[in-house]
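# Secondary and tertiary structure notes
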Amino acid sequence: MRHGQIRVKRIYEPPAPEDGYRILVDRLWPRGMSKADAAIDEWMKGIAPSPELRKEFAHRMERYAEFSANYLRELSSRPECAVLADRIRDIARERPVTLLYAAKDPVYNHANVLRRWLLDE
């Protein structure tokens, strides 16, 4: 699997053919977005950070390194995450996969942590 096969994109950006299989990796549905506009193929709530972890981070950039480490720990310890990760990697072997997130920050968000974990495992 090539690194370019798994991408990250904000769900509010328009869908594009190069997105391939679009997976929403947020626990909550994006505000103000219809299902048709989202154009997702799958919603993987189970691989998103736990509600406790989300509250702890609360998009405070000074906590991003700690959040990333804790999220990686969650991903590695929850059996459901391993199953979903295998599914994402299987799809990515066949076509591009885009991990969709709703956060405003394109750098300091959980989808980037998830992508690194998927590629490193």
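Provided above is the structure to which this section pertains.
Residues numbered from 1 in each chain as written. Predicted model: local features only at pLDDT ≥ 70, side-chain atom pairs only at ≥ 80, totals over all residues. Heavy atoms only, no water.

### Quick word on the side chain of Lys9
In plain terms, the rule: Secondary structure elements are taken from DSSP: a helix is a run of H or I of four residues or more, a strand is a run of E of two residues or more, and numbering for both begins at the N terminus. Under the scheme applied here, a residue whose accessible area is under 20% of the maximum for its type counts as buried, over 50% as exposed, and between as partly exposed, the area being computed with a 1.4 Å probe on protein chains only. Polar contacts here mean pairs of N or O atoms no more than 3.5 Å apart (in protein, one a potential hydrogen donor and the other a potential acceptor; neighbouring residues in sequence count only if both atoms are side-chain atoms). The contact criterion used is simple: two residues touch if any of their non-hydrogen atoms lie within 4.5 Å.
Looking at where Lys9 falls in the secondary structure, it is placed in strand β1 (residues 6–10). Its relative accessible area of 11% is what places Lys9 among the buried residues. At a separation of 2.9 Å, a polar atom in the side chain of Lys9 contacts the side chain of Asp19. Excluding its chain neighbours within four sequence positions, the residues that come into contact with Lys9 are Pro14, Pro15, Ala16, Asp19, Arg22, Thr98, Leu99, Leu100 and Tyr101.

### Considerations on helix α5 (residues 110–120)
Taken across its eleven residues, α5 has eight buried, putting it largely inside the fold. Regarding α5, the residues found buried are His110, Ala111, Asn112, Val113, Leu114, Trp117, Leu118 and Leu119. Looking at the buried side of α5, the elements it contacts are β1, α3 (64–77), α4 (79–94) and β4 (97–101). With a side-chain oxygen positioned 2.9 Å from the backbone nitrogen of Ala111, the residue opening α5 is Asn109.

### Considering the pairing of strand β2 (residues 21–24)
Stated formally: Two strands are said to pair when DSSP picks up at least two bridges between them.
Side chains Tyr21 and Ile23 project from β2 onto one buried face, and the interleaved Arg22 and Leu24 project onto a second face that is buried too. In the sheet, β2 pairs with β4 via four bridges, with the strands oriented parallel. Across the sheet, Ile23 pairs through a bridge with Leu99, a residue of β4. Where β2 and strand β3 (residues 42–43) come together, two bridges link them in parallel fashion. In the strand pairing of β3, Leu24 is matched with Trp43.

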